[in-house]
Amino acid sequence: MIGGTSTGGLIATMLGRLRMTMDECIDAYTTLSDKVFEKESHRGRFDGAELERAAKKTIVVNRGLGEDALLKDLGSPCKVFVCATNKETGDTVCLANYHTLRSDNSDLLNAATVWQACRAISAATTFSTGKRGTFKFDADSPHNPDGLHSSREIKILAGLVENSRR
(Lines give C-alpha, C1' and ligand atoms only; values in the text may rest on other atoms or scores of the structure.)
Protein backbone atom coordinates (compact mmCIF):
# COMPACT_ATOMS: atom_id res chain seq x y z
CA MET A 1 0.00 0.00 0.00
CA ILE A 2 1.14 3.49 -0.80
CA GLY A 3 -0.61 6.78 -0.17
CA GLY A 4 -0.10 10.49 0.07
CA THR A 5 -1.19 13.94 -0.93
CA SER A 6 0.40 16.67 -2.99
CA THR A 7 3.86 15.52 -4.14
CA GLY A 8 3.55 12.31 -2.13
CA GLY A 9 0.23 11.57 -3.80
CA LEU A 10 1.69 12.11 -7.26
CA ILE A 11 4.53 9.75 -6.43
CA ALA A 12 2.13 7.20 -4.91
CA THR A 13 0.02 7.31 -8.07
CA MET A 14 3.01 6.95 -10.37
CA LEU A 15 4.58 4.08 -8.43
CA GLY A 16 1.43 2.24 -7.35
CA ARG A 17 -1.30 2.83 -9.91
CA LEU A 18 0.86 3.35 -12.98
CA ARG A 19 3.51 0.85 -11.83
CA MET A 20 6.45 3.02 -12.80
CA THR A 21 9.94 2.04 -11.77
CA MET A 22 11.78 4.45 -9.47
CA ASP A 23 13.78 5.79 -12.43
CA GLU A 24 10.62 6.25 -14.53
CA CYS A 25 8.93 8.02 -11.61
CA ILE A 26 11.87 10.37 -11.09
CA ASP A 27 12.00 11.18 -14.82
CA ALA A 28 8.22 11.75 -15.01
CA TYR A 29 8.18 13.95 -11.90
CA THR A 30 11.15 15.98 -13.13
CA THR A 31 9.49 16.50 -16.52
CA LEU A 32 6.18 17.40 -14.87
CA SER A 33 7.72 19.85 -12.40
CA ASP A 34 9.78 21.54 -15.13
CA LYS A 35 6.54 22.19 -17.05
CA VAL A 36 4.35 23.15 -14.12
CA PHE A 37 6.35 25.27 -11.70
CA GLU A 38 6.94 28.84 -12.72
CA LYS A 39 10.64 29.60 -12.77
CA GLU A 40 10.61 33.34 -12.16
CA SER A 41 7.68 33.88 -9.84
CA HIS A 42 6.96 33.23 -6.22
CA ARG A 43 8.73 30.09 -4.99
CA GLY A 44 6.56 26.97 -5.25
CA ARG A 45 3.79 28.59 -7.28
CA PHE A 46 2.36 26.57 -10.13
CA ASP A 47 -0.20 26.89 -12.86
CA GLY A 48 -3.16 24.55 -12.33
CA ALA A 49 -4.05 24.34 -16.02
CA GLU A 50 -0.47 23.43 -16.88
CA LEU A 51 -0.48 20.76 -14.16
CA GLU A 52 -3.62 19.28 -15.70
CA ARG A 53 -2.04 19.21 -19.19
CA ALA A 54 1.24 17.79 -17.89
CA ALA A 55 -0.49 15.15 -15.76
CA LYS A 56 -2.52 13.98 -18.74
CA LYS A 57 0.49 13.75 -21.04
CA THR A 58 3.49 13.04 -18.82
CA ILE A 59 1.84 10.77 -16.29
CA VAL A 60 -1.03 9.10 -18.15
CA VAL A 61 -0.66 9.14 -21.94
CA ASN A 62 3.08 8.41 -21.88
CA ARG A 63 2.22 5.21 -19.98
CA GLY A 64 0.06 4.04 -22.89
CA LEU A 65 -3.25 4.89 -21.22
CA GLY A 66 -6.00 7.16 -22.45
CA GLU A 67 -6.69 10.46 -20.70
CA ASP A 68 -9.86 8.90 -19.29
CA ALA A 69 -8.00 6.06 -17.50
CA LEU A 70 -9.49 5.62 -14.05
CA LEU A 71 -7.52 5.65 -10.83
CA LYS A 72 -9.50 2.48 -10.10
CA ASP A 73 -7.40 -0.65 -10.55
CA LEU A 74 -9.03 -3.45 -8.58
CA GLY A 75 -6.55 -6.07 -9.79
CA SER A 76 -3.49 -4.08 -8.81
CA PRO A 77 -0.96 -5.75 -6.51
CA CYS A 78 -0.54 -2.33 -4.84
CA LYS A 79 -3.36 -0.45 -3.13
CA VAL A 80 -3.07 3.29 -3.73
CA PHE A 81 -4.88 6.07 -1.91
CA VAL A 82 -4.45 9.80 -2.19
CA CYS A 83 -6.02 12.36 0.12
CA ALA A 84 -7.40 15.84 -0.24
CA THR A 85 -9.89 18.00 1.60
CA ASN A 86 -13.23 18.80 0.04
CA LYS A 87 -13.30 22.60 -0.13
CA GLU A 88 -17.07 22.72 0.30
CA THR A 89 -17.43 20.44 3.34
CA GLY A 90 -13.95 20.30 4.89
CA ASP A 91 -14.15 16.50 4.86
CA THR A 92 -11.20 14.34 3.92
CA VAL A 93 -11.68 12.68 0.58
CA CYS A 94 -9.68 9.59 -0.28
CA LEU A 95 -9.40 8.73 -3.91
CA ALA A 96 -8.33 5.10 -4.11
CA ASN A 97 -7.77 2.39 -6.67
CA TYR A 98 -9.74 -0.07 -4.49
CA HIS A 99 -13.01 -0.37 -2.55
CA THR A 100 -12.52 0.97 0.98
CA LEU A 101 -14.09 0.12 4.32
CA ARG A 102 -13.97 3.80 5.32
CA SER A 103 -16.94 4.74 3.18
CA ASP A 104 -18.80 3.76 0.07
CA ASN A 105 -16.37 5.20 -2.44
CA SER A 106 -18.13 3.65 -5.45
CA ASP A 107 -19.01 7.01 -7.03
CA LEU A 108 -15.44 8.28 -6.93
CA LEU A 109 -13.99 4.85 -7.68
CA ASN A 110 -15.98 4.66 -10.90
CA ALA A 111 -15.44 8.29 -11.91
CA ALA A 112 -12.05 9.63 -10.81
CA THR A 113 -9.45 9.50 -13.53
CA VAL A 114 -5.73 9.32 -12.84
CA TRP A 115 -5.17 12.89 -14.00
CA GLN A 116 -8.10 14.20 -11.93
CA ALA A 117 -6.67 12.55 -8.82
CA CYS A 118 -3.28 14.12 -9.54
CA ARG A 119 -4.90 17.51 -10.01
CA ALA A 120 -7.09 17.23 -6.92
CA ILE A 121 -4.28 16.30 -4.54
CA SER A 122 -2.15 19.14 -5.85
CA ALA A 123 -4.74 21.89 -5.44
CA ALA A 124 -3.12 23.64 -2.49
CA THR A 125 -4.78 27.04 -2.53
CA THR A 126 -1.68 28.88 -1.42
CA PHE A 127 0.42 27.49 -4.24
CA SER A 128 -1.86 27.08 -7.24
CA THR A 129 -3.46 29.38 -9.75
CA GLY A 130 -6.36 28.79 -12.07
CA LYS A 131 -9.38 26.50 -11.96
CA ARG A 132 -9.24 23.24 -10.02
CA GLY A 133 -11.34 21.20 -12.45
CA THR A 134 -14.02 18.64 -11.59
CA PHE A 135 -12.86 17.95 -8.03
CA LYS A 136 -12.63 20.95 -5.74
CA PHE A 137 -10.12 19.77 -3.18
CA ASP A 138 -7.37 21.37 -1.18
CA ALA A 139 -4.30 19.36 -0.25
CA ASP A 140 -3.43 21.70 2.65
CA SER A 141 -5.26 20.14 5.54
CA PRO A 142 -4.89 18.44 8.89
CA HIS A 143 -5.92 15.26 7.04
CA ASN A 144 -2.72 15.21 5.03
CA PRO A 145 -1.17 11.78 5.76
CA ASP A 146 2.07 13.50 6.79
CA GLY A 147 0.16 15.03 9.72
CA LEU A 148 -1.34 11.80 11.02
CA HIS A 149 0.01 10.45 14.27
CA SER A 150 -0.92 6.78 14.40
CA SER A 151 -1.04 3.77 12.18
CA ARG A 152 -4.73 3.35 13.14
CA GLU A 153 -5.51 6.81 11.73
CA ILE A 154 -3.76 5.87 8.51
CA LYS A 155 -5.63 2.55 8.35
CA ILE A 156 -8.96 4.35 8.88
CA LEU A 157 -8.08 6.98 6.29
CA ALA A 158 -7.03 4.33 3.78
CA GLY A 159 -10.23 2.39 4.41
CA LEU A 160 -8.54 -0.72 5.76
CA VAL A 161 -10.48 -0.66 9.03
CA GLU A 162 -13.81 0.86 9.94
CA ASN A 163 -13.88 3.98 12.05
CA SER A 164 -15.65 2.90 15.24
CA ARG A 165 -15.50 6.43 16.64
CA ARG A 166 -18.21 7.77 14.27
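Residues numbered from 1 in each chain as written. Predicted model: local features only at pLDDT ≥ 70, side-chain atom pairs only at ≥ 80, totals over all residues. Heavy atoms only, no water.

A. Structural view of the nonpolar core. By size, the foremost hydrophobic cluster in this structure holds 17 residues, and its most contacted members are Met14, Leu32 and Ile59. Sorting the residues of this core by element identifies helix H1 (7–17), helix H2 (22–36), helix H3 (48–60) and helix H5 (114–121) as the ones contributing at least two each. Among the elements that line this core, the one with the most residues is H3, at five residues. The contact partners of methionine 14, leaving out residues within four places of it in the chain, are Arg19, Met20, Cys25, Ala28, Tyr29 and Ile59. (Core = buried A, V, L, I, M, F, W, Y, C linked by side-chain atoms within 4.5 Å. Buried < 20%, exposed > 50% of the residue type's maximum accessible area, 1.4 Å probe, protein only. Helix = DSSP H or I, 4+ residues; strand = E, 2+ residues; numbered from the N terminus. Contact = heavy atoms within 4.5 Å.)

B. Molecular detail of unusual backbone geometry. Despite not being glycine, serine 6 has its phi angle at roughly 55°, a positive value. Summarising the element assignment, serine 6 is placed in the loop between strand E1 (2–4) and H1. According to the relative accessible area criterion, serine 6 is partly exposed, its value standing at 29%.

C. Quick look at the pairing of strand E4 (residues 92–96). Among the five residues in E4, five count as buried, and that is most of the element. The side-chain alternation of E4 yields two buried faces, one formed by Thr92, Cys94 and Ala96 and the other by Val93 and Leu95. The pairing of strand E3 (residues 80–86) with E4 spans five bridges and is classified as antiparallel. Pairing of valine 82 across the sheet is with leucine 95, part of E4. (Pairing = 2+ DSSP bridges.)

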